[in-house]
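# Coordinate analysis (summary)
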Amino acid sequence: MPQLLLQGFPDGAIRIGSTLSVLKKEGTVTYFVGPDNFFSHPESDSGAQRFALATLVANGHVRPIEVESSCLGIPHRTLMNWTGQLAARGPGSFFAPRGRRGRTVMTREKATECARFLDEGATIAAAARLADVGDSTLRKALKAGRVLRAGGLGPVVDSGGAEATSKSARGQADARAAQGMGTACTRADERMAAALGLIKSATTRFERCLDVALGGVLSGLPALCSNGLLSGLRRHLSLPDGYYSALHILTLLGFMALARIRRPEGLRHVSPGELGKTVGLDRVPEARTLREKIATMAEEGAPREWMQELSRQWMEADPQEAGYLYVDGHVRVYHGTGALLPRRYVSRQKLCLRGTTDYWVNDALGRPFFVVSQTLTDGLAVTLLDQIVPELLTSVPDQPSEAQLAADPLLHRFVVIFDREGSGHRLLSTLWKQRIGAITYRKAVKDLWPTEEFCEVEVPVPGGGATRMQLATRQTMLMAGLASLPVLEVRRLTQTGHQTAIITTAQRLKSPAVAGRMFSRWCQENFFGYMMEHYDMDGLVQYGSEKIPGTTQVINPAWRALDKAVRGTLGRIRKLHAELGAQILRSEGCDIEQRAERLHDIQRLEADAAELRLQRRQTPRKVTLDELPESERPRQLRPLGKMFTDTVKMIAYRAETALVGLLRPHLAKEEEARALIRELFVSSADLEPDEKENTLTIRIHRMACPAHDKAIAALLADLTQTAFRHPETGMRLIYQLA
């Protein structure tokens, strides 16, 4: 439909961009730049059209994207080819006569030979090379039906084919390939070239397929990339030349996390060819190969720097939530025998088990920023001060300047929130010396405030919304010997009469904000549970262990044994004192010999306790690892592989959370939205690449009910509007419901 033009443009012309218009009239096409006639040619002269558009693009009168989006619809890549032809070969190349047709290349013998190679599982490129014909020649012959496969399976699985392959046809082709190079290894030519070092990696190429299992996981690719899945390529992560590139491995790991394939061994229960189609390959690597790739990327790369860089990017993207950091420890239990790990208390199992403590830093919505793993730890306070705070001081955005801090003695840089383990005076005062506010629960609260002090107030909830609570506030002092620290104490009165005490050194905050932030800690607890159930947060990805530096200090096992003996002896003394007192109260004429015997036992145990105390005092409490016997030295699990996969899982969780946020307005509950997103990721889909338009259409199969279909359709429309392009092929992804 003709568009309205500025005054001076010819009537009936179609406007393209800000200055160009095209008028088709009486079999002639005329190009106007502003009101001036630039060029004219007969409508049937395609060479003149190519010359005119190439000249207009080269002179800057119109942009290729404007021509592509206009009624002409000429692809961007085609226009750039014409422009390159103009620069390299001149205007005459557009009007030179075409060469005469040569001899027939695809003879009957060649067609039979190509069909035989294709039936043996070769790709189009490999079959063309083996038959000594051009790749495009074979594709045209397949499309025209001059090359027919003896197996009757229709077109070969390739993006250049005219028809999409069915799941059964792909399964048969993958099975035939197993007799040669391996299951679903249908790109034998690229694999051989990669093995010989002729190519750096396989080319990502999507094929026209129907009913691709787990095809719905492609709907998570835009969110994965926007959260930094590929941000570390070539700077922090890389792989040596081979069939699988670092981009392929990262994409696969992201898809595995979204599709709940918990570990590399889980690939054994998934069709490698079908999952490979979502990555743009013939198949995905087997479990052993994937573990090797992960180990190589982790050990030769810099996963720690990658995680830190992503953390800064995430914080800068949401500076308001980055001002309130939730820190909590999670024990990753180890049941193997390859590493001697120290024991620590696991609250969810109420046992002391061997494992590694991971300290996670999240925001109030449960989204993770980074994690610090500690094989040997002295607790939350030490890890927070030594490992976490230095990173936060350089990462948290919008911190006040030194001048602002000096002008306002109550102003804080940011706020960290943790449980009662870190509520001591030493940690809170050390944090405040760096002007870092803290919010935590107060331990050992015995006094009760009068109920008259409490009043109902509206408490904002992070992420939106509000709730009402009974709150009271006082200015109190946190004492530790002669030292004191002023804090703001906020108490919540529940319906049962219980008072929950919260203290904070960030005294600029109002009591509703303090309560809202503190009671949002359940988001981090939910994060741990969700990650353990769906993302296998505690799973091993890399086997083996390594030494811990010998200068690291640990609790002396001899001191620990003496300390345990002292506490056991004191416990028995208290028990005997209680029994003796009970005997005296119970009877007036009790046996004197029994009293004397118990007194003797008490005196003997007190002497033993004094001797044990002396030995404990003479034994150093801490020693270095080098001072321990070899059999007692703890070893740590290889940390880099776990750090690398933890980063990928954080990206996947954030990507899923972002999609849940897009879907949430169409559903009643967040839990329902998360469940539907999980269903979307494991849904089948049809893939339809269009090389001419440079698009990849993903048609997701329908959900379980019309309401879910409507919600998913709205989500897919939002994803399509982002105009996301595949990071390697550059194809624009279009999402639809099948």
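Above this note sits the structure.
The present account deals with the structure reproduced in this document. (Residues numbered from 1 in each chain as written. Predicted model: local features only at pLDDT ≥ 70, side-chain atom pairs only at ≥ 80, totals over all residues. Heavy atoms only, no water.)

Where helix 22 (residues 639-663) meets helix 24 (residues 706-721), the axes come as close as 9 Å, and the angle between the chain directions of the two elements is 115 degrees. Along this stretch, helix 22 crosses helix 24, giving a crossing that reads as right-handed. Residues Leu659, Leu662 and Leu663 of helix 22 lie in contact with helix 24, whose contacting residues are Ala711, Ile712, Leu715 and Leu719. For the contact of helix 22 with helix 24, the class distribution of residues is seven nonpolar, no polar and no charged. (Axes fitted to C-alpha atoms, helices over the stretch in contact; angles between N-to-C directions. Helix = DSSP H or I, 4+ residues; strand = E, 2+ residues; numbered from the N terminus. Left-handed = near helix turned anticlockwise from the far one by under 90°. Contact = heavy atoms within 4.5 Å. Nonpolar A, V, L, I, M, F, W, Y, C, P; charged D, E, K, R; others polar.)

Overall, antiparallel pairing links the four strands, which are arranged 1-2-3-4 in an open sheet. Single-partner strands in this sheet number two, and they are strand 1 (14-16) and strand 4 (36-42). Pairwise comparison of adjacent strand axes, ignoring direction, gives a mean angle of 25 degrees for this sheet. Pairing geometry for strand 3 (residues 28-33) and strand 4, over six bridges, is antiparallel. (Pairing = 2+ DSSP bridges.)

Moving on, we get to the pattern of salt bridges. What the rule picks out here adds up to 39 salt bridges. Between Glu391 and Arg312 there is a salt bridge whose closest N-O contact spans 3.7 Å. With Glu391 in helix 15 (residues 380-395) and Arg312 in helix 13 (residues 303-317), the pair connects residues that are 79 residues apart, well separated along the chain. The partner of Arg491 in a salt bridge is Asp447, and the shortest N-O contact between them spans 3.1 Å. A residue pair is termed long-range when its members are at least 10 positions apart, and Arg491 in strand 14 (residues 483-493) and Asp447 in the loop between strand 11 (437-441) and strand 12 (455-460) qualify at 44 residues. Among the charged side chains, a salt-bridge network with shared partners connects Arg187, Glu190, Arg205 and Glu207. (Salt bridge = Lys/Arg side-chain N within 4 Å of Asp/Glu carboxyl O.)

The largest bend in helix 15 comes to about 45 degrees, at Ile388, with the proline Pro390 one to four residues further on. Within the span of helix 15, buried status applies to Leu380, Thr383, Leu384, Ile388, Val389, Glu391, Leu392 and Ser395. Residues of helix 15 that are buried in the fold lie against helix 13, strand 6 (324-333), strand 8 (351-362), strand 9 (368-374), strand 10 (415-417) and helix 17 (425-433). (Bend = angle between axes of the 7 residues up to and from the residue. Buried < 20%, exposed > 50% of the residue type's maximum accessible area, 1.4 Å probe, protein only.)

Interhelical geometry of helix 19 (residues 522-534) versus helix 22 gives an angle of 110 degrees and a closest axis separation of 12 Å. The angle between helix 19 and helix 22 places the two elements in the roughly perpendicular class. On the side of helix 19, the interface is formed by Phe527, Tyr530 and Met531, while helix 22 contributes Lys649, Tyr653 and Glu656. Class assignment for the residues of the contact of helix 19 with helix 22 results in four nonpolar, no polar and two charged. (Parallel < 35°, antiparallel > 145°, perpendicular 65-115°, else oblique.)

In this section: the nonpolar core. The nonpolar side chains of soluble globular proteins are, as a tendency, buried together. Ranked by size, the top nonpolar core spans 112 residues in total, and within it Leu250, Leu392 and Phe644 carry the most contacts. Among the elements that line this core, the one with the most residues is helix 22, at 11 residues. Not counting the four nearest positions on each side in its chain, Leu392 is found in contact with Met315, Leu325, Val361, Phe370, Gln399, Phe414 and Val416. Among the nonpolar cores identified, the runner-up in size contains 20 residues, and Ile417, Ile439, Met469 and Leu471 belong to it. (Core = buried A, V, L, I, M, F, W, Y, C linked by side-chain atoms within 4.5 Å.)

In terms of burial, strand 21 (residues 695-700) is a largely internal element, five of the six residues being buried. Joining the antiparallel neighbours strand 20 (residues 685-690) and strand 21 is a turn of four residues, in which Asn694 adopts a positive phi near 55 degrees. When strand 21 meets strand 22 (residues 732-737), the two strands line up parallel, connected through six bridges. Across the sheet, Leu696 pairs through a bridge with Leu733, a residue of strand 22.

Our focus in this paragraph is the environment of Leu214. Along the polypeptide, Leu214 turns up in the loop between strand 5 (209-212) and helix 9 (221-226). Under the relative-accessibility criterion, Leu214 is labelled buried at 14%. Measuring from C-alpha to C-alpha, the distance between Leu214 and Glu274 comes to 7.7 Å, with 60 residues separating the pair along the chain. When near neighbours in sequence (up to four residues on either side) are disregarded, Leu214 contacts Ala259, Ile261, Val270, Leu275, Thr278, Phe681, Val682, Ser683 and Ser684.

With that settled, consider unusual backbone geometry. The phi angle at Arg234 is positive, at roughly 70 degrees, despite the residue not being glycine. On the secondary structure map, Arg234 appears in the loop between helix 9 and helix 10 (246-258). You can call Arg234 exposed: its relative accessible area is 75%. We note that Arg435 has phi near 60 degrees; this positive angle belongs to a residue other than glycine. Its location among the elements puts Arg435 in the loop between helix 17 and strand 11. Residue Arg435 is classed as buried on the basis of its relative accessible area, which comes to 16%.

The next thing to look at is the sheet that holds strand 20. Strand order in the open sheet formed by four strands is 5-20-21-22, with mixed pairing between adjacent strands. In this open sheet, the two edge strands, each paired with only one partner strand, are strand 5 and strand 22. Across the sheet, the axes of successive neighbouring strands diverge by a mean angle of 20 degrees, strand direction being ignored. The strands touched by helix 11 (residues 272-279) are strand 5 and strand 20; relative to strand 5, the strand with the most contacts, the crossing angle is about 115 degrees.

Let's shift gears to the state of the cysteines. Enumeration over the complete set of coordinates arrives at zero disulfides. Its sulfur unpaired, Cys209 is 16 Å from the next cysteine sulfur, which belongs to Cys185. (Disulfide = S-S within 2.5 Å.)

A few words now on the packing of aromatic side chains. Scanning the model with the defined rule gives 12 aromatic pairs in all. Relative to Phe519, the ring of Tyr441 has its centre 6.4 Å away and its plane inclined at 55 degrees; by these criteria the two rings are tilted. Of this pair, Tyr441 sits in strand 11 while Phe519 sits in the loop between helix 18 (511-518) and helix 19, and the two are 78 residues apart along the sequence. This pair shows no difference in class: Tyr441 is buried, exactly as Phe519 is. Three or more aromatic residues joined by ring pairs make a cluster, and in this case those are Trp360, Phe527, Phe528, Tyr530, Tyr535 and Tyr653. Between Arg191 and the ring centre of Tyr243, over which it is positioned, the NZ or CZ distance is 4.0 Å. One cation-aromatic arrangement involves Arg674 over Tyr530; the distance from NZ or CZ to the ring centre is 5.2 Å. (Phe/Tyr/Trp six-rings, centres within 6.5 Å; stacked < 30°, edge-to-face > 60°. Lys NZ or Arg CZ within 6 Å of the ring centre and 35° of its normal.)

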